[in-house]
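Survey of secondary and tertiary structure
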Amino acid sequence: MINRRKFIKTSGIAAAATALSIHSLDALANGELKHLTILHTNDVHSQIEPFAMNGGRNQGLGGVARRSALIKKIRAEQQNVLLLDAGDIFQGTPYFNLYGGELEIKLMSEMGYDAATMGNHDFDNGVEGFYKQLPHANFPILVSNYDFSDTIMHQSTKPFKIFNKGGLKIGVFGIGIELKGLVGEKNYGNTIYQDPVLKANETASLLKNEHKCDLIICLSHLGYKYSDKKVSDQTLAENNDHIDLIIGGHTHTFMAQPQDVKNRAGRVTTINQVGFAGINLGRIDYYFEAYRGKKLITSSPYMISDQLDS
Amino acid sequence: MKKRNPLTRISLFFNMEIKGLSYICNSISTMQNSAKLRTLSFLLGSFFLCACSSSYQVVKSNRGEYKLSKDLAVDSSIIRTYQPYKLKLDSQMNEVLGYSDNELTKKLVGGESSLGNFFADAALVEARKTSPQIDFTMPSTNGGLRNDLPLGAITLSNVFELMPFENELIVFELKGSDVQTLLDYIARTGGQPVGGLTMKIKAKKPVDVRIGGQPFDPAKNYSVLTSDYIAGGGDGISSFKNPVSSKVLKLKIRDALIQYIKETKIKGVKISSKLDGRMTND
């Protein structure tokens, strides 16, 4: 069930283990750590049922009923869970054409999603089409670089949300892709796209410095990487100071393992994306120790393993 | 190496929030004098007693991924939620529209695909019923073909998966120079779905272009069928920005495909869209 990865590596950026304080290692051994589990999807594209058994590459895979059962199981095992989605909830099966995304949003609410951002296909029935389904959402839509002020959605999204999980402050924000040329002009209407790297840094810095978040997560629909200069998760990872994790989407990338990028501040920004259509559920666990006021270090390498503890 | 001092890690200036108040603590990073150290330790000690704002740092991260395969349990309450939607949808979507002689796939062979050829030909046939003057079509990019069509029965569901978007067909009269930029785009991107047009791609440039069997004449205007998505600049195509004229057909692309497949069934024939060399790529 779990794609067990064969090796344990320390951070690709620094020899993490040696840089950890004695206290960290003690805490690791004693289990005195706070534990956060992040579960994530992207580009589910209205895949309510598993792929049909039609001989296709993905036949029999995915489906919300399995995802929901798995999420429930993990929630029963773990205290602090965040369930997040990186956009393109809509479009891809007739469920969307017939019901306009109502069922997708209802099911995400029932599964207990904590937040999602918007993908380009979430504009497929226009800004109005997305707005119409929001009463079915019991989770926030986070986008920090679309200005909806001059649209019907002017009060429908938030740039970020801070989650308090067992004493941990987790800042989550959203970043959307450039709409021009990708989405029909009449579908995005007066939505204004703003520079994603600029807005991401602005928002992450606010979450870090003003709100003192312990972990900062960006839900991004920029896409993993491009051969040309188009701004991607790669660009964002290299050009930010405070993002710990980018949960990506758009390019439907199946990553062999998450990628750890050295960011502008010399710290780790991890990028992960789990293909599309809910074929996979991603999971990233973070273990935290308290500062206890006795140490403040400027860079914080940590141990990374592509294998789960449980 | 210098002996570790408990104060070495305290940065020179740092801010801590305590119940909305901001305290600034200026400390000295290293102190060797023990008397000074004791004094400072005391001061800092009392400071930290009240400065116990919760701050955590990551010491470890474990990552994994679950594949949602058939050996996983299902949540029956979720199925109960979507069942009524599924029943209504299935009753509509399982209708067989027609039959295909071969699987129609997106796989590009020398700039063309069996699915792209089918898609373009079907759009052209249906649009010419009201606009017989159309010279050629590029109704979609390869990226717009969202799913293959199977061999045998083609259901309404298959067509929705191939063309889930609500895009409409529009006929444009374009200047030869704008047709040229479209041909350049097609060649540069290694071939796109077309009908009524043949060309060779050599070193990413269009050559031997024939429209309706005649060599392409850049001095002429042409009647071109495309989608509102492409016309609006989708996928970076700007050829339709300054047309001589345009006409919205009030025909969705998906409806044109459905109509076309149904007509083959009525005629008692199967769809047989193959690679025919309309677009070669060296």
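Here, every reference points to the structure presented above.
Residues numbered from 1 in each chain as written. Chains lettered and ligands numbered in written order. Predicted model: local features only at pLDDT ≥ 70, side-chain atom pairs only at ≥ 80, totals over all residues. Heavy atoms only, no water.

A look at the overall build of chain A
We count it as follows: Secondary structure elements are taken from DSSP: a helix is a run of H or I of four residues or more, a strand is a run of E of two residues or more, and numbering for both begins at the N terminus. Exposure categories follow from relative accessible area, calculated using a 1.4 Å probe and restricted to protein chains: below 20% of the type maximum is buried, above 50% is exposed, and the middle band is partly exposed. In what follows, a contact means two residues having at least one pair of non-hydrogen atoms within 4.5 Å. For the accessible areas, the method is Shrake-Rupley and the probe is 1.4 Å, while residue cover comes only from the protein chains on display.
Scanning chain A from N- to C-terminus turns up nine helices and 16 strands. Within the span of chain A, comprising 310 residues, buried residues form 60% of the whole. Residue pairs at least 24 apart in sequence account for 76% of intrachain contacts in chain A once pairs closer than 6 positions are excluded. For chain A, the exposed area adds up to about 11,800 Å²; of that, 50% sits on carbon and sulfur atoms.

Observations regarding helix 3 (residues 114-128) of chain B
All names here are of chain B. We apply this condition: Multiplying one less than the number of residues by 1.5 Å gives the expected span of a helix.
Here helix 3 spans 21 Å end to end across 15 residues, near enough to the 21 Å set by a 1.5 Å rise per residue. Of all 15 residues in helix 3, twelve are buried; the element is thus mostly enclosed. Among the residues of helix 3, those classed as buried are Ser114, Leu115, Gly116, Asn117, Phe118, Phe119, Ala120, Ala122, Ala123, Leu124, Glu126 and Ala127. Packed against the buried residues of helix 3 are strand 5 (136-137), helix 4 (156-162), strand 7 (168-174), strand 11 (222-227), strand 12 (245-252) and helix 7 (253-267).

A word on the nonpolar core
In summary, soluble globular proteins display a tendency toward joint burial of nonpolar side chains. Quick note on the threshold: We define a nonpolar core as any set of buried Ala, Val, Leu, Ile, Met, Phe, Trp, Tyr and Cys residues linked to one another through side-chain atoms lying within 4.5 Å.
One finds Phe123(A), Tyr82(B), Phe118(B), Leu162(B), Leu225(B) and Leu257(B) to be the most contacted residues of the largest nonpolar core, which totals 77 residues. At seven residues, the largest contribution of residues to this core is made by helix 3 of chain B. Setting aside residues up to four positions removed in sequence, Leu162(B) forms contacts with Leu115(B), Phe118(B), Phe119(B), Gly144(B), Leu145(B), Arg146(B), Asn147(B), Leu149(B) and Leu257(B). By size, the runner-up hydrophobic cluster in this structure holds 25 residues, among which are Met138(B), Leu182(B), Val194(B) and Tyr222(B).

Observations concerning the interface of chain B and chain A
Rules: Note: buried area is the sum, over both parts, of the accessible area (probe 1.4 Å) each one loses when the two are combined. Think of a salt bridge as a Lys or Arg side-chain nitrogen and an Asp or Glu carboxyl oxygen that are within 4 Å of each other. In protein, a polar contact means a hydrogen-donor-capable atom and an acceptor-capable atom, both N or O and within 3.5 Å, with residues adjacent in sequence counting only if both atoms are side-chain atoms; elsewhere, any N or O pair within 3.5 Å suffices. Under this grouping Gly is polar, as are all residues other than the nonpolar Ala, Val, Leu, Ile, Met, Phe, Trp, Tyr, Cys and Pro and the charged Asp, Glu, Lys and Arg.
Contacts between chain B and chain A engage 53 residues on the former and 84 residues on the latter. Taking both sides of the interface into account, the surface hidden between chain B and chain A amounts to around 6,500 Å²; carbon and sulfur atoms contribute 56%. Between chain B and chain A we count seven salt bridges in total. With a shortest N-O distance of 3.7 Å, Glu185(A) and Lys241(B) are connected by a salt bridge. Counting the contacts that link chain B with chain A gives 34 residue pairs in polar contact (both at pLDDT 80 or more). Those elements giving two or more residues to the side of chain B that touches chain A turn out to be strand 1 (13-18), strand 3 (56-67), helix 2 (76-93), helix 4 and helix 6 (228-231) of chain B. Grouping the constituent residues of the side of chain B that touches chain A by class yields 21 nonpolar, 15 polar and 17 charged.

Things to note about the packing of aromatic side chains
Residues and elements named next belong to chain A. The line we're drawing: For Phe, Tyr and Trp, rings pair up if their centres lie within 6.5 Å, where Trp contributes its six-membered ring, and each pair is then called stacked (planes under 30 degrees apart), edge-to-face (over 60) or tilted (otherwise).
The tally for this structure, following the rule as stated, stands at 15 aromatic pairs over all chains. For the ring pair phenylalanine 254 and phenylalanine 276, a centre distance of 6.1 Å and an interplane angle of 75° mean the geometry is edge-to-face. Of this pair, phenylalanine 254 sits in the loop between strand 12 (245-247) and strand 13 (259-262) while phenylalanine 276 sits in the loop between strand 14 (268-272) and strand 15 (280-290), placing them 22 residues apart in sequence. Taken together, the ring pairs connect Phe51, Phe254 and Phe276 into an aromatic cluster.

Things to note about empty space enclosed by the protein
So the rule is basically this: Grid spacing is 1 Å over the protein atoms alone, the probe is 1.4 Å, and a cavity is where that probe fits but cannot get out, while a pocket is an open set with protein on both sides within 12 Å along at least five of seven lines and lining residues have an atom within 4 Å of a point. Grid points are joined across faces, edges and corners, and a volume is the space filled by probe spheres set on the points.
This model, assessed by the stated rule, comprises two cavities of 30 Å³ or more. Of the pockets and cavities examined, the largest cavity occupies roughly 90 Å³. Val44(A), Val64(A), Arg67(A), Glu104(A) and Met108(A) are, among the 14 residues lining the largest cavity, the residues nearest its centre. Elements with a minimum of two residues in the lining of the largest cavity: helix 3 (64-77) and helix 5 (102-111) of chain A. For the lining of the largest cavity, the element with the highest residue contribution is helix 5 of chain A, accounting for four residues. When its residues are assigned to classes, the lining of the largest cavity shows eight nonpolar, three polar and three charged. There is about 40 Å³ of room inside the second largest cavity. Leu108(B), Gly111(B), Glu112(B), Ser113(B), Gly116(B), Asn117(B), Asn142(B), Gln192(B), Pro193(B), Val194(B) and Arg278(B) together form the lining of the second largest cavity.

Fair warning: the whole summary comes from geometry, so function is off the table for now.
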